[in-house]
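If you want the building blocks of each chain, they are given just below.
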Amino acid sequence: MSQRRLRIIGPGRAGGALALAASRVGWTVREPLRRGEPLVGALDDVDLVVIATPDGAVAEVAAALPRSGEVVVAHLAGSLGLDVLASHQRIGSLHPIVSLPSPEVGADRLLDGAWFAAAGDELLRRLGEDLGGRIITVGDDQRAIHHAAACVAANHLVALMSQVERLAATIGAPVEAYLDIARGALDGVGDLGAATALTGPVSRFDTTTIRRHLDALADDEIGLYLALADEAARLSGRPTPVGGPAWR
């Protein structure tokens, strides 16, 4: 592999993780720049500049960068298209489909066969492949759906598990007691698909157990339970909404 040179603008959790990971696979990583710092010279002696700022600042940072016909200017934002980089000639994006809680942990995850959504210049695909990643191509008109799927898979799943954590705490049980069943359910989706992997009282139309759950739950926990039970019912082809007349 010929050595490539990278500069990150916005070395936070995502940018810092990418910088560490790229350096470990032989890329030369130049001194990063932070949003608000002067960008004169940002494109000097590099092949790729990656804007890793919050999504709302990407267009502003891109517009402030010097112009070059050789250097690729890219971003990491999952929901943004390439139009925010339109003032540059060579452009692209590389969205890591992985949770990056810190630069160190994130770098390890990026190098562990992570998936990446790539668009634009082939150098972004090259970077993803150098990291040992698996690449999907996502066009501008698909970015919002792609990012929504990633948010549901990560952020919404964490929010769901926070309910498990709360319910476990009410009976004095550690949340760890329920993590294996969650992991098994995710493995089932990967192995069988969601519809076949679904188990539990909703899938078997067990109205007695559903009512027992609803009677036991605190009022402020019922809304989330019912919303997700309704989705499980839709997935299994059962009547919805759960708790409605069909379930009595």
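Residues numbered from 1 in each chain as written. Predicted model: local features only at pLDDT ≥ 70, side-chain atom pairs only at ≥ 80, totals over all residues. Heavy atoms only, no water.

A. Layout of helix H8 (residues 207-216). Residues Thr207, Thr209 and Ile210 constitute the buried set of H8. Buried residues along H8 cover an arc of 165° about the axis, so they all sit on one side. Relative to its buried face, H8 has exposed residues pointing more than 90 degrees away, namely Arg212, Asp215 and Ala216. Lining the buried residues of H8 we find helix H9 (219-236). (Buried < 20%, exposed > 50% of the residue type's maximum accessible area, 1.4 Å probe, protein only. Helix = DSSP H or I, 4+ residues; strand = E, 2+ residues; numbered from the N terminus. Arc of directions from axis to C-beta. Contact = heavy atoms within 4.5 Å.)

B. Quick look at the nonpolar core. Ranked by size, the top nonpolar core spans 26 residues in total, and within it Leu18, Leu48 and Leu127 carry the most contacts. Going through the elements one at a time, strand S1 (5-9), helix H1 (13-24), strand S3 (48-51), strand S4 (72-75), helix H3 (103-110), strand S6 (115-120) and helix H4 (122-130) are the ones with two or more residues in this core. Excluding anything up to four places from it in sequence, Leu127 contacts Leu18, Ala22, Trp27, Leu48 and Leu94. The next biggest cluster of nonpolar side chains, apart from the first, holds 21 residues, and it includes Leu43, Val49, Ala62 and Val84. (Core = buried A, V, L, I, M, F, W, Y, C linked by side-chain atoms within 4.5 Å.)

C. Spatial organisation of the environment of Asp83. Among the secondary structure elements, Asp83 is positioned in the loop between S4 and strand S5 (90-96). Sequence separation between Asp83 and Ala59 is 24 residues, and the spatial gap between their C-alpha atoms is 8.6 Å.

D. Representation of the side chain of His75. Relative to the assigned elements, His75 resides in strand S4. Separated by 2.9 Å, the side chain of His75 and the backbone oxygen of Gly81 make a polar contact. Apart from residues no more than four positions distant in its own chain, His75 is found in contact with Ile51, Val58, Leu80, Gly81, Val84, Leu85, Gly92, Ser93, Leu94 and Arg143. (Polar contact = N/O pair within 3.5 Å; in protein donor to acceptor, adjacent residues only side chain to side chain.)

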